[in-house]
Amino acid sequence: MAQIELDLSHSYVAHPQADEDYALLPLKFTFRDGGAYALLGPSGCGKTTLLNCVSGLLRPSHGRILFDGQDVTGKTPQARNIAQVLSLIHISEPTRPER
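Summary of the structure given here. (Residues numbered from 1 in each chain as written. Predicted model: local features only at pLDDT ≥ 70, side-chain atom pairs only at ≥ 80, totals over all residues. Heavy atoms only, no water.)

### As for the state of the cysteines
- Tallied over the full model, the rule gives zero disulfides.
- Cysteine Cys45 is unpaired, with the sulfur of Cys53 as its nearest cysteine sulfur at 13 Å.
- A relative accessible area of 0% means that Cys53 is categorised as buried. (Disulfide = S-S within 2.5 Å. Buried < 20%, exposed > 50% of the residue type's maximum accessible area, 1.4 Å probe, protein only.)

### Thoughts on the nonpolar core
- Counting 12 residues, the largest nonpolar core consists of Ile4, Leu6, Leu8, Leu24, Phe31, Leu50, Cys53, Val54, Leu58, Ile65, Phe67 and Val72.
- At the level of secondary structure, the elements contributing two or more residues to this core comprise strand E1 (4-11), strand E2 (22-31), helix H1 (47-55) and strand E3 (62-67).
- Those residues in contact with Phe31, other than ones at most four positions away along the chain, are Ala2, Gln3, Ile4, Leu6 and Tyr37. (Core = buried A, V, L, I, M, F, W, Y, C linked by side-chain atoms within 4.5 Å. Helix = DSSP H or I, 4+ residues; strand = E, 2+ residues; numbered from the N terminus. Contact = heavy atoms within 4.5 Å.)

### Details of the packing of aromatic side chains
- The final tally for this structure, using the stated rule, is three aromatic pairs.
- Ring centres of Phe29 and Phe31 lie 4.8 Å apart, and the angle between their planes is 70°; on these two criteria the pair is classed as edge-to-face.
- The partly exposed category is assigned to Phe29, whose relative accessible area is 36%.
- Residue Phe31 is classed as buried on the basis of its relative accessible area, which comes to 15%.
- Considering the side-chain rings of Phe31 and Tyr37, the 4.9 Å spacing of their centres and the 85° angle between planes classify their relative orientation as edge-to-face.
- Exposure remark for Tyr37: the relative accessible area of 38% places this residue in the partly exposed category.
- Through pairs of rings, three or more aromatic residues link up here, namely Phe29, Phe31 and Tyr37. (Phe/Tyr/Trp six-rings, centres within 6.5 Å; stacked < 30°, edge-to-face > 60°.)

Set out below in structure tokens:
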């Protein structure tokens, strides 16, 4: 794993003025090599936007992303050598075969 440094924000509005204009508020954080981290928060707080920026599926509207000190902000997921695995958990009632 690499050290990942984030200094970014993301907005779908051209010139964000208020917190409500951001999909991801300005964030400065470093994920250190070997650390264990979790992203927790309510729906719509920016968890997926952050992961999409780190993985290269979305370019942040402001700031940059560094992997081991190298700026990868404009690079594709393939060039970053990173993958994002999405999971969808579906719980349903067991069904019984008709007789």
